[in-house]
Amino acid sequence: MAGVEVLDGGRPPRGPRAVRRLRLLAVLAALLVVAGAVLAVLDARWRDDERDRLAGCEERALAAARRTDTVLAAMVAYLRPAFAAVPEGSGRDSFYAIVAAEAEEVRPVLRRAMEVCRGVEVRSWHRDLGEQQRAYVAYLAAREQLVAEVAADGRVLYTADQARSDELAALREEAFGARR
């Protein structure tokens, strides 16, 4: 065959072993892509589930806070005329006892909401959801602590504590933001 030029490819043809290795690498790469896609779908479902459970936690927390605010504000309004009529130090203890009893009545609402929020399992890599859960629990714990103190001594409700009010406001803002 005159006139035919044979070109040198530079590499000898691959043997069956090299072909098998390439196929194995291709299959492994495909499996990794599929596994990554499956994990991405699962993670999205997990995140949605956690978000739904946190929404339930938020509802319970807001409801508990509103219930507590309503009951304690009602007690302050209800007893205002009695406090005005009775001089300081004479007979007010029974009024404080009424406030303490009402505070004790609402404590379980706060505790149940806190248990619901603590019970939400958030995966460690969903940091934003974990931070939100911690904010709800911190706010509810601070509120429950205050209500426990009022339940022990109704006078606490009538004691001005600006630092505590500021702390509760900051915790509420962190937990709920504009969703109050």
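Residues numbered from 1 in each chain as written. Predicted model: local features only at pLDDT ≥ 70, side-chain atom pairs only at ≥ 80, totals over all residues. Heavy atoms only, no water.

### Notes on the packing of helix 1 (residues 16-85) against helix 3 (residues 127-152)
In a packed pair of helices, the relevant descriptors are the angle between the two axes and the axis-to-axis distance. Keep this limit in mind: What counts as an axis is a line fitted to C-alpha atoms, over the stretch in contact for a helix, and the angles between N-to-C directions run from 0 to 180 degrees. Secondary structure elements are taken from DSSP: a helix is a run of H or I of four residues or more, a strand is a run of E of two residues or more, and numbering for both begins at the N terminus. Here the angle decides the label: under 35 degrees means roughly parallel, over 145 means roughly antiparallel, 65 to 115 means roughly perpendicular, and every other value means oblique. Helix crossings fall into two classes, left-handed where the near helix is turned counterclockwise from the far one by less than a right angle and right-handed where it is turned clockwise. Between two residues, a contact is recorded if the distance between any of their heavy atoms is within 4.5 Å. Note on residue classes: Ala, Val, Leu, Ile, Met, Phe, Trp, Tyr, Cys and Pro are nonpolar, Asp, Glu, Lys and Arg are charged, and everything else, Gly too, is polar.
Contact geometry of helix 1 with helix 3 gives a least axis separation of 10 Å together with a crossing angle of 20 degrees. Between helix 1 and helix 3, the crossing angle belongs to the class labelled roughly parallel. In terms of crossing hand, the pair formed by helix 1 and helix 3 is left-handed. Contact with helix 1, carried on its side by Arg47, Glu50, Arg51, Leu54, Cys57, Glu58, Ala61, Ala65, Thr68, Asp69 and Leu72, involves Asp128, Leu129, Gln132, Gln133, Tyr136, Tyr139, Leu140, Arg143 and Val147 of helix 3 and no other residues of that element. Among the residues making up the contact of helix 1 with helix 3, the classes are represented as ten nonpolar, three polar and seven charged.

### Brief notes about the pattern of salt bridges
Our working definition: Salt bridge criterion: a side-chain nitrogen from Lys or Arg within 4 Å of a carboxyl oxygen from Asp or Glu. Relative accessibility under 20% of the residue-type maximum defines a buried residue, over 50% an exposed one, and the middle range a partly exposed one, all with a 1.4 Å probe and only protein chains included.
Scanning the entire structure with this criterion turns up twelve salt bridges. Close ionic contact of arginine 143 with aspartate 69 constitutes a salt bridge, the shortest N to O distance being 2.6 Å. Placement of arginine 143 in helix 3 and of aspartate 69 in helix 1 is noted, with a sequence separation of 74 residues between them. A salt bridge links arginine 107 to glutamate 104; the nearest nitrogen and oxygen atoms lie 3.4 Å apart. Pair noted here: arginine 107 and glutamate 104 are both in helix 2 (residues 93-119), with a separation of three residues, about one helical turn. Taking the relative accessible area as the measure of exposure, arginine 107 reaches 17% and is therefore buried. Note on glutamate 104: relative accessible area 36%, which makes it partly exposed. Among the charged side chains, a salt-bridge network with shared partners connects Glu104, Arg107, Arg111 and Glu144.

### Some thoughts on the packing of aromatic side chains
Operational definition: Note on ring pairs: Phe, Tyr and Trp rings are taken, using the six-membered ring of Trp, and paired if centres are within 6.5 Å. Classes follow the plane angle, with under 30 degrees stacked, over 60 edge-to-face and the rest tilted.
As enumerated under the stated definition, the model contains seven aromatic pairs in all. Seen from their ring centres, phenylalanine 83 and tyrosine 96 are 5.2 Å apart, and the 45 degrees between their planes marks the pair as tilted. On the criterion of sequence distance, the pair formed by phenylalanine 83 in helix 1 and tyrosine 96 in helix 2 is long-range, its members being 13 residues apart. The pair formed by phenylalanine 83 and tyrosine 96 is uniform in burial state, with each residue classed as buried.

### A look at a nonpolar patch on the surface
Put simply, the rule reads: By definition, no residue in a patch forms a salt bridge, and every one has over 30% relative accessible area; like charges are joined within 9 Å, nonpolar side chains (Val, Leu, Ile, Met, Phe, Trp, Tyr) within 5 Å. Areas reported here follow the Shrake-Rupley algorithm with a probe of radius 1.4 Å; residue values treat only the protein chains shown as occluding.
Taken together, the side chains of Leu22, Leu24, Leu25, Val27, Leu28 and Leu31 present a nonpolar region at the surface, about 570 Å² in accessible area. By the secondary structure assignment, leucine 25 is in helix 1. Using a relative accessible area of 54% as the deciding quantity, one classes leucine 25 as exposed.

### Things to note about the layout of surface pockets
Defined as follows: The rule is simple: put a 1 Å grid over the protein atoms alone, call a set of points where a 1.4 Å probe fits but cannot get out a cavity, call an open set with protein on both sides within 12 Å along at least five of seven lines a pocket, and count a residue as lining if it has an atom within 4 Å of a point. Grid points are joined across faces, edges and corners, and a volume is the space filled by probe spheres set on the points.
Considering only enclosed or pocket space, the largest pocket measures out at about 390 Å³ in volume. In this structure, the largest pocket is lined by 17 residues; those nearest its centre are Leu146, Leu157, Arg164, Ser165 and Leu168. Among the secondary structure elements, those contributing two or more residues to the lining of the largest pocket are helix 1, helix 3 and helix 4 (162-176). It is helix 1 that provides the largest number of residues to the lining of the largest pocket, a total of five residues.

### Considerations on helix 4
Count 3.6 residues to each turn of an α-helix, and residues three or four apart come out pointing the same way. Condition: Expected span of a helix, by definition, is 1.5 Å for each gap between consecutive residues, and there is one gap fewer than residues. By construction, the arc corresponds to the directions joining the helix axis to the C-beta atoms.
Taking 1.5 Å of rise per residue, the 15 residues of helix 4 would be expected to cover 21 Å, and the 21 Å separating its terminal C-alpha atoms lies within 8% of that figure. Taken together, the buried positions of helix 4 are Leu168, Leu171, Arg172, Ala175 and Phe176. Buried residues of helix 4, viewed axially, fall in a sector of 105 degrees; they line one side. Opposite the buried face of helix 4, by more than 90 degrees, sit the exposed residues Gln162, Ala163 and Glu174. Once helix 4 finishes, glycine 177 follows within two positions and takes phi at roughly 55 degrees, a positive value.

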